[in-house]
Amino acid sequence: MKGCIRVIAMRLLIEALSAFAVPLLVAFVLIHGYKKGVKVYEVFVEGAAEGIKTSVRILPYLIAILMAIGIFRSSGAMDILLVLLRIPAGLLGIPAEVMPLVLIRPLSGSGALGVVSEIFATYGPDSFAGRVAGTMMGSTETIFYTTALYFGAVGIRDTRHVLPSALMADMAGVVASVVVCRLIFG
Amino acid sequence: MINMVWLFLIVTGIVVAAVQGTMGDVSAGIMAEASSSVELFLGLVGIMALWTGVMRVAEKSGLVEALSRGIRPVLGLLFPDIPKSHPAMGAMVMNIAANMLGLGNAATPIGINAMKELQKLNPRPTRATNAMCTFLVLNTSSVQLIPATVIGLKAASGSSNPTEIIGTALLATAISTLAGIAAVKTLERLY
């Protein structure tokens, strides 16, 4: 009974957080900026232009990865992969539909974005798989690229325990995404 | 690595299509995917622009610095071997604050700068120090407050409530960061 109330309370808190986060943060940032003497309108427009540039930069990656996944899915290879992944997914308690995302997330950010949009298109953005995929995408990072970039910049070759630690954090994020979604969205 | 994955998806798909006789579906699928990715992009671009616009204001108004002041004491605990006033500490704090706000483009150069500062404290220049490993794991388990790109993608795919994953993502990311810190601090004694 008590546990049940706690779950409901947490669900309400998380739902409120999700609903309020964007409007409150936008209002806070803009008011704070105005009080600090930032020309909010001009700076916003300048930043928005940067965002459009970023999106344009993502587009070719999105096309490349969606095309590859499209071939993989329409040929029937995805169905075979999902059957093969059913057992490891079951052991971890992860829906098999999001397993492709689990595999690609540490490797490539744009690739993962492509896989997420494929999951949204196939199962629906508000399906359980869609919610888990979105949560996972927002809570894990591209490990190999970041490591190569940061350590490459200073010439580190012996990366020691970075990859095992980062992969453990990634796996924790994956499992947590599923568990949290199951608690919140049921 | 991503080259291998990409090629694997395409080649395996075509081989499976040849075996299963689904080549016609694949042919239609390629064309459909290429054009649907542009539709997806159109849905995404507005939200990305909105968000980077707001965050540019945050950057200009000194919100990154304000957030940095908040997280500096916590970070001090994680990096016992870095002197509190060392420039590496300042750069790491700024990098994490920028990452929290989703300012990826601003965070990366600061992060590389932090690495360079950490390298100055490194007695063996090709081997990562404990501090470098901890910093990198913090970075890869990113605590991002608003996952703007995936919200944009959710909205572009016709979600009735695209921001519903903010709370769940925040909770999941907190768990993954804690797990990462536990792992990196435990494993640093073994390597």
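Predicted, not measured: the structure shown is a model, and the values here were computed from it. (Residues numbered from 1 in each chain as written. Chains lettered and ligands numbered in written order. Predicted model: local features only at pLDDT ≥ 70, side-chain atom pairs only at ≥ 80, totals over all residues. Heavy atoms only, no water.)

Some words on the overall build of chain A
A count of helical and extended segments in chain A gives eight helices and zero strands. Helices and strands appear in chain A in the N-to-C order α-α-α-α-α-α-α-α. Each principal axis of the C-alpha atoms in chain A carries an extent, and together these give about 60 × 55 × 40 Å. Partitioning the intrachain contacts of chain A with sequence separation of at least 6 by distance along the chain shows that 64% fall at a separation of at least 24. Summed over all atoms, the accessible surface of chain A reaches about 8500 Å², with 72% contributed by carbon and sulfur. Each charge sign in chain A was given a centre, from 15 positive and 11 negative side chains, and these centres are 8 Å apart. (Helix = DSSP H or I, 4+ residues; strand = E, 2+ residues; numbered from the N terminus. Contact = heavy atoms within 4.5 Å. Areas by Shrake-Rupley, 256 points an atom, 1.4 Å probe, with all protein chains shown as cover. Lys, Arg positive; Asp, Glu negative; His and termini not counted. Charge placed at Lys NZ, Arg CZ, Asp CG, Glu CD.)

A closer look at the pattern of salt bridges
In the structure shown here, the tally under the stated rule is 10 salt bridges over all chains. The residue A:Glu46 makes a salt bridge to B:Arg56 at a minimum N-O spacing of 2.7 Å. Of the two residues, A:Glu46 is situated in helix H2 (residues 40–74) and B:Arg56 in helix H2 (residues 23–60); the pairing between them involves two chains. Judged by relative accessible area, which is 38%, A:Glu46 ranks as partly exposed. Its relative accessible area of 18% is what places B:Arg56 among the buried residues. Taking the shortest distance from any N to any O, the salt bridge between A:Asp126 and B:Lys154 comes out at 3.0 Å. One end of the pair, A:Asp126, is in the loop between helix H5 (109–123) and helix H6 (128–139); the other, B:Lys154, is in helix H7 (residues 148–156), on a second chain. In this structure, a network of salt bridges that share partners links the residues A:Glu46, B:Arg56, B:Glu59 and B:Lys60. (Salt bridge = Lys/Arg side-chain N within 4 Å of Asp/Glu carboxyl O. Buried < 20%, exposed > 50% of the residue type's maximum accessible area, 1.4 Å probe, protein only.)

A short note on the interface of chain A and chain B
Opposite the 92 residues of chain A that make contact, chain B presents 95 residues. Both sides together, the interface formed by chain A and chain B hides about 8000 Å², and carbon and sulfur atoms give 76% of it. Of all residues in chain A, A:Tyr150, A:Arg160 and A:His161 give up the largest surface area on contact with chain B, accounting jointly for 10% of the area buried on that side. Summed over the shared surface of chain A and chain B, the result is five salt bridges. (Buried area = accessible area lost by both parts, 1.4 Å probe.)

Observations regarding the layout of surface pockets
Residue and element names in this part refer to chain B. Its volume calculated, the second largest pocket comes out at about 360 Å³. Around the second largest pocket, the lining is made up of 17 residues, and of these Ile 96, Leu 138, Val 143, Thr 177 and Ile 181 lie nearest the centre. Counting residues per element, the lining of the second largest pocket draws most heavily on helix H8 (residues 165–187), at six residues. Taken together, the residues of the lining of the second largest pocket sort by class into 12 nonpolar, five polar and no charged. (1 Å grid on protein atoms, 1.4 Å probe; cavity = no way out; pocket = protein on both sides within 12 Å on 5 of 7 lines; lining within 4 Å. Points joined across faces, edges and corners; volume = space filled by probe spheres on them. Nonpolar A, V, L, I, M, F, W, Y, C, P; charged D, E, K, R; others polar.)

Structural notes on the packing of aromatic side chains
By the definition in use, this model includes two aromatic pairs over all chains. Ring centres 6.2 Å apart and planes at 45 degrees place the aromatic pair A:Phe72 and B:Phe8 in the tilted group. With A:Phe72 in helix H2 and B:Phe8 in helix H1 (residues 2–20), the pair connects residues from two separate chains. A:Phe72 gets classed as buried once you look at its relative accessible area, which sits at 3%. Cation over ring: A:Arg131 sits above A:Phe185, and NZ or CZ is 4.3 Å from the ring centre. Over the ring of A:Phe120 we find B:Lys154, and its NZ or CZ is 5.9 Å from the ring centre. (Phe/Tyr/Trp six-rings, centres within 6.5 Å; stacked < 30°, edge-to-face > 60°. Lys NZ or Arg CZ within 6 Å of the ring centre and 35° of its normal.)

Here we look at empty space enclosed by the protein
Counted according to the given criterion, the structure contains two cavities of 30 Å³ or more. The space that makes up the largest cavity amounts to roughly 50 Å³. A:Ile69, A:Arg73, A:Met78, A:Leu82, A:Glu97, A:Pro100, A:Val115, A:Glu118, A:Ile119 and A:Tyr123 are the residues that line the largest cavity. Looking at the lining of the largest cavity, the elements that each hand over two or more residues are H2, helix H3 (77–92) and H5 of chain A. Among the elements that make up the lining of the largest cavity, the one with the highest residue count is H5(A) (four residues). Lining the second largest cavity, in full, are A:Ser139, A:Thr140, A:Glu141, A:Ile143, A:Ala166, A:Ala169, A:Asp170, B:Thr140, B:Ser141 and B:Ser176.

Examining the confidence of the model for chain B
Of all residues in chain B, 99% attain a pLDDT of 70 or more, and the chain-wide mean is 90. When pLDDT is averaged over each element of chain B, H8(B) comes out on top at 95 and H2(B) at the bottom at 86. (pLDDT = per-residue confidence, 0-100.)

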